[in-house]
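# Tertiary structure, described
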Amino acid sequence: MVELLAPAGTPDALRAAIAAGADAVYVGLGAFNARAANGGFSLAELSSACVLAHAHGARVYVTLNVYVRDDELGDAVALAGSALAAGADALIVADMGLITRIRAALPDAELHLSTQAGAQCTAAVDFAARELGVERVTCARELSVAELAELCATGVEIEAFCHGAICICYSGACSYSALMRGRSANRGDCTQPCRLAYELQDGSGAVLAGGAWERGRAAEEQAMRPDGDRLLCPRDYLGIRHIAEMLEAGVSAFKIEGRMKSPDYVYNVVRCYREALDAALAGRPLGDVELDGLEACLARSFSRGFTSGYLEGGHAATGSDLMSVERAINQGLRAGHVVEPRYEGALVAFDCEVAAGDMLEIRSTPGPDAPADVPKRWPIVPCPRDVASGEEVLIPCKRKVEAGSAVHVVRSASTILEAEAAVREMREEEVRLAAAESGGVAPEACLEASEAGAGREGIAASELGVDCASAEPARFAHARRRRDNGAAGEPGVGGACAVEPGTVEPSAGGACKSPHTAVDLGEVCRLEDLEGVRAACERVVRGEAPAVVVRNIGQIPTVRAAGVPWEVGSPLQVWNAETARVLVRLGARRVWLPEELTMEDLASVRAQMEDPASGDPATEGPAPGELASARMHCAGAAGASSAESAESPHAVERHPGDIVDIAADGSTPLMITEHCLLTAEGPCSNNCPTCPRRLASQAGDRFLVELDRKSSGARLTVRVDEKGRTRLYRM
């Protein structure tokens with residue numbers, strides 16, 4: 001079965017998704033979903049939503065996709081049981097320790113691996129299915145259609161993104177927000193530093209891109225690069241033109257991003273992809289004209305501009321066309337231009353149909369003779385009447401705008417009205433279904449409860465408190481959909497455990513200062529990276545280094561097969577002792593905890609590892625003595641505050657294949673992106689190994705500066721490797 005999977009941050013968004021034809025919906029529940037600003041559904045709302053979804057043949061998945069501390073594991077497992085008892089069909093989880101605990105407590109639960117876990121190659125997919133026992137893997141957004149086909153060939157269900165916002169950093173590998181701003185993306189509380197304004201500078205402080213670079217430049221020079229300072233802001237993911245290819249590749253679930261989006265956005269995006277997917281499934285994929293229409297329809301809801309660069313692969317995935325450097329907010333759909341400014345208005349020539357009430361943004365840019373400090377003025381005004389393509393209409397606007405200014409539709413009145421009607425109809429049906437299930441409670445009372453719940457903030461897991469043992473047998477059976485794909489096995493069961501004896505004694509500064517070297521395998525493990533992993537293992541066999549450092553789950557099968565000593569480092573996230581146990585059972589001799597963890601977090605993991613009774617009794621594993629002897633290190637704990645973290649000293653950067661001192665504080669990048677940041681400087685030669693800009697970055701001559709924190713010294717070192725990937729480091 002092929003599935004169109006929609007986001008739902010609120011009950012109304014879920015109703016919109018079901019009305020528009022989604023096959024499945026994913027929602028948050030309580031404190032352990034990766035959208036801290038949206039606590040998600042209450043148990044009552046989830047139960048009611050599941051009844052509605054199941055009545056329409058749709059499934060409901062609950063996200064438990066943050067990384068979990070030791071003292072939270074029990075609540076998270078209880079929350080998982082509560083979700084299944086309420087009717088959820090599957091759980092989306094990232095934390096290996098939590099997966100292991102859920103498997104032990106709820107063996108029939110269907111588990112999907114979150115994109116936060118960093119699955120980027122077939123080895124990662126096989127590992128997740130065999131060792132963790134998941135039924136589905138949500139892969140990285142950065143993969144091309146060809147790479148998706150490789151993953152699908154494993155026989156494991158692959159869930160791939162097809163639309164929505166993009167995190168410029170590889171999912172699960174971003175510590176920028178945590179280490180620079182004190183709020184962790186891995187806990188669902190990202191401050192979105194990728195949407196901020198930056199300057200790219202060289203070592204002398206000269207501005208190379210962003211900031212005020214364009215001031216004083218010749219028009220010809222400015223035309224060679226995008227005008228803007230949002231240097232880390234990508235466009236939105238657009239897969240509408242690749243649906244047939246993704247289907248042929250074997251993708252099982254087409255995922256739309258957007259749990260923070262409005263119901264009308266969800267409704268519009270789902271119905272567009274429903275049309276494209278149905279046509280492809282029928283063997284009659286849509287043509288260019290039809291796809292142009294759908295893309296225009298999608299842009300009317302929200303977009304930062306669209307890109308399909310990742311799906312295309314190659315330099316399309318790394319270059320400047322991936323980025324929305326001009327703005328980090330909605331850009332909408334271009335609908336025309338200003339023909340002539342008028343008093344308190346502008347005469348606009350329209351290139352497409354616009355409805356009365358649609359919101360229009362007039363992008364008026366100061367002329368070439370205007371002083372440098374004159375701001376851009378982009379007023380947003382309503383369209384006074386329905387307009388046909390080719391018409392010229394006077395649009396009321398009190399701000400002065402320039403002739404030639406582009407006009408964009410940034411909000412569609414008709415889409416909102418259609419979505420509201422669809423949601424209202426779904427809500428009424430939900431009330432009838434709820435009344436039938438509750439044994440005849442008056443529909444009016446159910447409707448009042450439904451409307452009262454709309455817009456409510458989420459609640460913590462401890463407040464949900466439904467005993468997982470109380471799951472209704474019939475509904476729990478509905479939630480199961482285990483497939484025998486030949487890859488399932490006991491979770492966490494691996495080969496021999498070669499643990500080096502030792503204890504954890506972090507220094508007063510928060511970093512382990514004992515010298516220790518190993519070959520760094522890097523944070524990314526796509527098909528093209530596996531050759532480097534094998535080469536690193538051969539170096540260890542030859543005695544050039546004592547071990548390798550594994551930073552991605554896709555590297556684990558290769559290093560185990562090579563029989564070399566290996567250690568675990570971020571962004572292979574270890575936030576609790578249960579995850580550490582899984583890795584130790586698989587053969588890891590050391591586990592390095594993420595830099596964003598505090599000293600209290602480190603002490604908790606160490607104490608749990610040293611206490612055999614703290615493990616789940618239902619989980620098989622090595623002997624207590626082996627667990628207690630595993631080395632647990634913290635490579636630079638974040639400390640008590642974000643200010644402390646931002647001011648701590650840092651070591652030199654590391655790169656895949658380097659033999660590094662992995663105890664060095666600050667050795668983990670704040671971000672790693674497939675996009676080459678240096679393309680902001682101008683056209684790319686598409687020859688990364690010899691690129692002068694890239695070589696300058698390797699020599700320490702490229703820096704990224706946050707414009708709104710310039711005075712506080714928020715200056716980051718930029719390094720671009722031979723594959724065009726950018727890493728950002730604290731200085």
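Residues numbered from 1 in each chain as written. Predicted model: local features only at pLDDT ≥ 70, side-chain atom pairs only at ≥ 80, totals over all residues. Heavy atoms only, no water.

## Examining the overall build of the protein chain
As a reminder, the rule being used: For the purposes of this entry, the term helix denotes a DSSP run of H or I that reaches at least four residues, the term strand denotes a run of E that reaches at least two, and both are numbered from the N terminus. Exposure is judged per residue with a 1.4 Å probe applied to protein chains only, and the accessible area is read against the type maximum: over 50% gives exposed, under 20% gives buried, and values in between give partly exposed. The criterion used for residue contact is that any of the two residues' heavy atoms lie within 4.5 Å. Here the Shrake-Rupley method, with its probe set to 1.4 Å, supplies the accessible areas, and only the displayed protein chains count as covering residues.
Secondary structure summary: the protein chain contains 23 helices and 28 strands in total. Relative to its full complement of 731 residues, the protein chain shows a buried share of 60%. Across the protein chain, contacts joining residues at least 24 apart in sequence account for 73% of those joining residues at least 6 apart. As displayed, the protein chain offers around 27,200 Å² of accessible surface, 51% of which is attributable to carbon and sulfur atoms.

## Description of helix α4 (residues 96-105)
Here is the rule: Any pair of N or O atoms that falls within 3.5 Å is considered a polar contact. Within protein, one atom must be able to donate a hydrogen and the other to accept it, and sequence-neighbouring residues count only if both atoms are side-chain atoms.
By the criterion of burial, α4 is predominantly enclosed, with eight of the ten residues buried. All buried positions along α4 are accounted for by Met96, Gly97, Leu98, Ile99, Thr100, Arg101, Ile102 and Arg103. Of the surrounding elements, those touching the buried residues of α4 are β3 (59-64), α3 (73-85), β4 (90-93), β5 (111-113), α5 (122-131) and α19 (577-586). The backbone nitrogen of Gly97 has a side-chain oxygen 2.8 Å away, supplied by the residue at the start of α4, namely Asp95.

## Digging into the packing of aromatic side chains
Here is the rule we go by: Ring pairs shown here join Phe, Tyr and Trp side chains whose ring centres sit within 6.5 Å, with only the six-membered ring taken for Trp; geometry is labelled stacked below 30 degrees between planes, edge-to-face above 60, and tilted in between. A ring has a charge above it when a Lys NZ or an Arg CZ is no more than 6 Å from the ring centre and no more than 35 degrees off the ring normal.
Scanning the model with the defined rule gives zero aromatic pairs in all. Geometry around Phe302 places Lys261 over its ring, the cationic atom sitting 5.0 Å from the centre.

## Notes on the environment of Gly283
Along the chain, Gly283 turns up in the loop between α10 (263-281) and α11 (288-299). Sequence separation between Gly283 and Ala244 is 39 residues, and the spatial gap between their C-alpha atoms is 8.7 Å.

## Regarding the pattern of salt bridges
Selection rule: Any Lys or Arg side-chain nitrogen located within 4 Å of an Asp or Glu carboxyl oxygen qualifies as a salt bridge.
Overall, the coordinates contain 46 salt bridges when judged by the stated rule. Measuring nitrogen to oxygen at the nearest pair gives 2.9 Å for the salt bridge that ties Arg274 to Asp23. Of this pair, Arg274 sits in helix α10 while Asp23 sits in the loop between α1 (11-20) and β2 (24-28), placing them 251 residues apart in sequence. Its salt-bridge partner being Arg271, residue Glu418 comes within 2.5 Å of it at the nearest N-O pair. Taken as a pair, Glu418 in helix α13 (residues 413-437) and Arg271 in helix α10 lie far apart in primary sequence, 147 residues in all.

## A short note on the packing of α1 against α13
Worth spelling out the cut-off: A fitted line through C-alpha atoms represents every axis, and for helices the fit uses only the stretch in contact; the resulting angles, taken between N-to-C directions, go from 0 to 180 degrees. Our angle categories are set so that under 35 degrees counts as roughly parallel, over 145 as roughly antiparallel, 65 to 115 as roughly perpendicular, and the remainder as oblique. Classes in brief: Ala, Val, Leu, Ile, Met, Phe, Trp, Tyr, Cys and Pro nonpolar; Asp, Glu, Lys and Arg charged; the others, Gly included, polar.
Look at α1 against α13: their axes get within 8 Å of each other, and the N-to-C directions meet at 100°. Regarding the angle of α1 to α13, the classification is roughly perpendicular. Of the residues in α13, those in contact with Asp12, Arg15, Ala16, Ile18 and Ala19 of α1 are Ala422, Val423, Met426, Arg427 and Glu430. Considering only residue class, the contact of α1 with α13 consists of six nonpolar, no polar and four charged.

## Comments concerning the environment of Ala109
Relative to the elements of secondary structure, Ala109 occurs in the loop between α4 and β5. In sequence terms Ala109 and Leu91 are 18 residues apart; their C-alpha atoms lie 7.6 Å from each other.

## Quick notes on the pairing of strand β13 (residues 333-342)
As a reminder, the rule being used: Strands qualify as paired when DSSP identifies two bridges or more between them.
As judged from the four bridges shared by β13 and strand β18 (residues 406-411), these two strands associate in the antiparallel manner. Note on β18: the bridge partner recorded for His337 is Ala406. Between the antiparallel neighbours β13 and strand β14 (residues 345-350) lie two residues, among them Glu344 with a positive phi of about 50°.

## Some thoughts on the confidence of the model for the protein chain
Keep this limit in mind: Every residue carries a pLDDT, the predictor's confidence in it, which falls somewhere between 0 and 100.
On average, residues of the protein chain score 83 in pLDDT, and 77% of them reach the 70 mark or higher. Long-range and interchain partners of residues 622-630, a stretch whose pLDDT sits below 50, account for 20 contacts in this model, where long-range means more than four residues apart. This model gives residues 635-652 a pLDDT under 50, and the stretch forms 39 contacts once residues within four places in sequence are excluded.

## Digging into the side chain of Glu674
Positionally, Glu674 belongs in the loop between β25 (671-673) and α23 (692-698). A relative accessible area of 5% places Glu674 in the buried class. Polar side-chain contacts of Glu674 include one of 3.2 Å to the side chain of Arg526. Within polar-contact distance, the side chain of Glu674 engages the side chain of Arg725 at 2.9 Å.

## So, the sheet that holds strand β8 (residues 198-201)
Ordered by their spatial adjacency, six strands build an open sheet running β9-β8-β26-β27-β28-β25, and the pairing between neighbours is antiparallel. Edge positions in the open sheet fall to β9 (207-210) and β25, since each of these has one partner strand only. Across this sheet, the average inter-strand angle for adjacent strands is 25°, counted without regard to direction. Here β8 runs beside β9; their pairing, made up of three bridges, is antiparallel. What sits directly across from Gln201, in β9, is Val207.

## Looking at the packing of α1 against α10
To be explicit about the condition: In this scheme the crossing of two helices becomes right-handed for a clockwise turn of the near helix relative to the far one and left-handed for an anticlockwise turn of less than a right angle.
Two elements in contact, α1 and α10, have axes separated by 8 Å at closest approach and are oriented at 20°. Taken together, the axes of α1 and α10 are roughly parallel relative to one another. Seen from above, α1 lies across α10 with right-handed handedness. Taking contact as the criterion, the partners of Asp12, Ala13, Ala16, Ala17, Ala19 and Ala20 in α1 are, on α10, Pro263, Val266, Tyr267, Val270, Arg271 and Arg274. The class makeup of the residues in the contact of α1 with α10 is nine nonpolar, no polar and three charged.

## What to know about the sheet that holds strand β16 (residues 380-382)
Strand order in the open sheet made by the six strands is β16-β15-β18-β13-β14-β17, with antiparallel pairing throughout. Both outer strands of the open sheet, β16 and β17 (392-396), are each paired with one neighbouring strand and no more. The average undirected angle you get between the axes of adjacent strands in this sheet is 40°. Across five bridges, the pairing between β14 and β17 is antiparallel. Bridge pairing links Val348 to Val393 in β17.

## Some details on the side chain of Asn330
Looking at the element boundaries, Asn330 is found in the loop between α12 (309-312) and β13. Classification of Asn330 as buried rests on a relative accessible area of 13%. At 2.9 Å, the side chain of Asn330 and the backbone nitrogen of Ser303 are in polar contact. Polar contacts involving the side chain of Asn330 include one to the main-chain amide nitrogen of Gly332, which spans 3.0 Å. Once residues lying within four places of it in the same chain are set aside, the contact partners of Asn330 are Ser301, Phe302, Ser303 and Val410.

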